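Below are the chains, spelled out letter by letter.
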Amino acid sequence: ASNKTVAVVELKGEIKDSKEVVAELYRQARNESIKGIVLRIDSPGGGVGASQDIYQAVKEIKGKKPVVASMGGLAASGGLYSALGASKVFAQRGTITGSIGVIMQKPN
């Protein structure tokens, strides 16, 4: 049996808050039995601050162990932004991605 384990951290749906994803990323980074992390993204994006928090965590963690981003059907805006901190980014042919102009709300 192999002693090399890869953790999968999911980033799904609109990015409203980064606390859970960032905490899970750091938890896996501290786990010595985990040799690498896959950030699995299926998100249309979300808030600027939350997306930036995830990007920064991924960027910092990749200095300690490999982090790859795996895009599902949708990884746009803040989802793409979060992925760009990774060591490598993978997308399927049918992945909808692009536009780092994260979702922003303004009062009317």
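Above this text is the structure in question.
**Topic: the overall build of the protein chain**
- In terms of regular secondary structure, the protein chain is built from three helices and five strands.
- Along the chain direction, N to C, the helices and strands of the protein chain fall in the order β-α-β-α-β-α-β-β.
- The burial tally for the protein chain puts 43% of its 108 residues in the buried class.
- For the protein chain, restricting intrachain contacts to residue pairs at least 6 apart in sequence, the fraction spanning at least 24 positions comes to 69%.
- When the accessible surface of the protein chain is split by element, carbon and sulfur atoms take 51% of a total near 6500 Å².

**Remarks on the packing of aromatic side chains**
- According to the stated counting rule, one finds one aromatic pair in the structure shown.
- With 5.1 Å between their ring centres and 35° between their planes, Tyr 55 and Tyr 81 make a pair best called tilted. Of the two residues, Tyr 55 is situated in helix α2 (residues 48-61) and Tyr 81 in helix α3 (residues 78-83); the sequence distance between them amounts to 26 residues.
- The buried category is assigned to Tyr 81, whose relative accessible area is 18%.

Calculation notes
Residues numbered from 1 in each chain as written. Predicted model: local features only at pLDDT ≥ 70, side-chain atom pairs only at ≥ 80, totals over all residues. Heavy atoms only, no water. Helix = DSSP H or I, 4+ residues; strand = E, 2+ residues; numbered from the N terminus. Buried < 20%, exposed > 50% of the residue type's maximum accessible area, 1.4 Å probe, protein only. Contact = heavy atoms within 4.5 Å. Areas by Shrake-Rupley, 256 points an atom, 1.4 Å probe, with all protein chains shown as cover. Phe/Tyr/Trp six-rings, centres within 6.5 Å; stacked < 30°, edge-to-face > 60°.

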